[in-house]
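# Analysis of the macromolecular model
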Amino acid sequence: MDDEAEFERNSFRDGEPWDVVFDTLWIICSQFWLVLAAADRSVDVSTVIPAGDSIASNGDAVGIPTRISAGHVKVALSAWPATPPDGQGVPLGSSSIVVEGRELRLVNVEGREPGPVLVLEEDGPYEVRVWRSEVQGAEYFDIRVWQGPHSD
């Protein structure tokens, strides 16, 4: 897995998501976030600062730790119709997020480099699970999202 195309080809060996977006994010301060993409919704990421090798969440955002303090990471953000199979790498944790506006996006600390938008089927509670892998010094993140058990 020495380039982005290889990462994309190898991300989903045990199943297929119904939608996926790939991105390369510029990271500073060893973290980035999965947040609601709605322009009219303000999300306080200061309450979801990840610690160590674990994600943090407040129901509106998920903080994801990186090993590098500054640099690029590659990310696969995928939506699944049901509980997905495990991703590759080290699990960083699971969380829940309540989606309003059907859209999720990845943002860095500065908030100036928003990633692509993942459009979900509907609003409501979703489960999030994150894995990290490293290949030749590069960090790769596999973020899988699916509707939570309390969905209508």
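This write-up is about the structure you can find in this document. Every value quoted in this text rests on a predicted model; they were computed, and no experiment measured them.

Glancing now at the overall build of the protein. A count of helical and extended segments in the protein gives one helix and 10 strands. Along the chain direction, N to C, the helices and strands of the protein fall in the order α-β-β-β-β-β-β-β-β-β-β. Scored against the burial criterion, the 152 residues of the protein give a buried share of 45%. Across the protein, the fraction of contacts at a sequence separation of at least 24, relative to all contacts at a separation of at least 6, is 72%. Of the roughly 7,200 Å² that the protein leaves accessible, carbon and sulfur atoms contribute 46%.

Let's shift gears to the environment of L118. Relative to the elements of secondary structure, L118 occurs in strand β8 (residues 117-119). Exposure remark for L118: the relative accessible area of 0% places this residue in the buried category. Residues L118 and L77 lie 41 residues apart in sequence; the distance between their C-alpha atoms is 7.3 Å.

Attention shifts here to the nonpolar core. Among the nonpolar cores identified, the biggest contains 33 residues, and F32, L34, I64, I143 and V145 are the most heavily contacted of them. Broken down by element, this core gets its largest block of residues, five residues, from strand β2 (residues 31-36).

Within this structure, the stated rule accounts for one aromatic pair. Aromatic pair F32 and F141: ring centres 5.2 Å apart, planes at 80°, arrangement edge-to-face. Note that F32 is positioned in strand β2 and F141 in strand β10 (residues 138-147), a separation of 109 residues in sequence. Considered together, F32 and F141 belong to a single accessibility category, that of buried residues. Residue placement shows R144 over the ring face of W131; its charged tip is 5.5 Å from the ring centre.

Considering all chains together, one arrives at six salt bridges under this definition. In this structure, R67 and D53 form a salt bridge, with 3.5 Å as the shortest nitrogen-oxygen distance. In this pair, R67 sits in the loop between β4 (61-65) and β5 (70-80) while D53 sits in the loop between β2 and β3 (56-57), placing the two residues 14 residues apart along the sequence. Between R129 and D86 there is a salt bridge whose closest N-O contact spans 3.9 Å.

With that settled, consider the side chain of R132. Turning to its location among the elements, R132 is positioned in strand β9 (residues 124-135). A distance of 2.8 Å separates a polar atom in the side chain of R132 from a polar atom in the side chain of D53. Among the polar contacts made by the side chain of R132, one reaches the main-chain carbonyl oxygen of P65 at a distance of 3.4 Å. With near-sequence residues (within four places) excluded, R132 lies in contact with D53, P65, T66, R67, Q88, G89, V90, L92, E139, Y140 and F141.

The next subject is the environment of D123. Mapped onto the secondary structure, D123 falls in the loop between β8 and β9. D123 gets classed as partly exposed once you look at its relative accessible area, which sits at 38%. In the structure, D123 is positioned 21 residues away from R102 in sequence and 5.0 Å away in space, judged by C-alpha atoms. In this structure the side chain of D123 is engaged in a polar contact, spanning 2.8 Å, whose partner is the backbone nitrogen of G101. Looking at D123, its side chain comes within polar contact range of the main-chain nitrogen of R102, at 2.8 Å.

About the thresholds
Residues numbered from 1 in each chain as written. Predicted model: local features only at pLDDT ≥ 70, side-chain atom pairs only at ≥ 80, totals over all residues. Heavy atoms only, no water. Helix = DSSP H or I, 4+ residues; strand = E, 2+ residues; numbered from the N terminus. Buried < 20%, exposed > 50% of the residue type's maximum accessible area, 1.4 Å probe, protein only. Contact = heavy atoms within 4.5 Å. Areas by Shrake-Rupley, 256 points an atom, 1.4 Å probe, with all protein chains shown as cover. Core = buried A, V, L, I, M, F, W, Y, C linked by side-chain atoms within 4.5 Å. Phe/Tyr/Trp six-rings, centres within 6.5 Å; stacked < 30°, edge-to-face > 60°. Lys NZ or Arg CZ within 6 Å of the ring centre and 35° of its normal. Salt bridge = Lys/Arg side-chain N within 4 Å of Asp/Glu carboxyl O. Polar contact = N/O pair within 3.5 Å; in protein donor to acceptor, adjacent residues only side chain to side chain.

None of this, on its own, says anything about what the molecule does.
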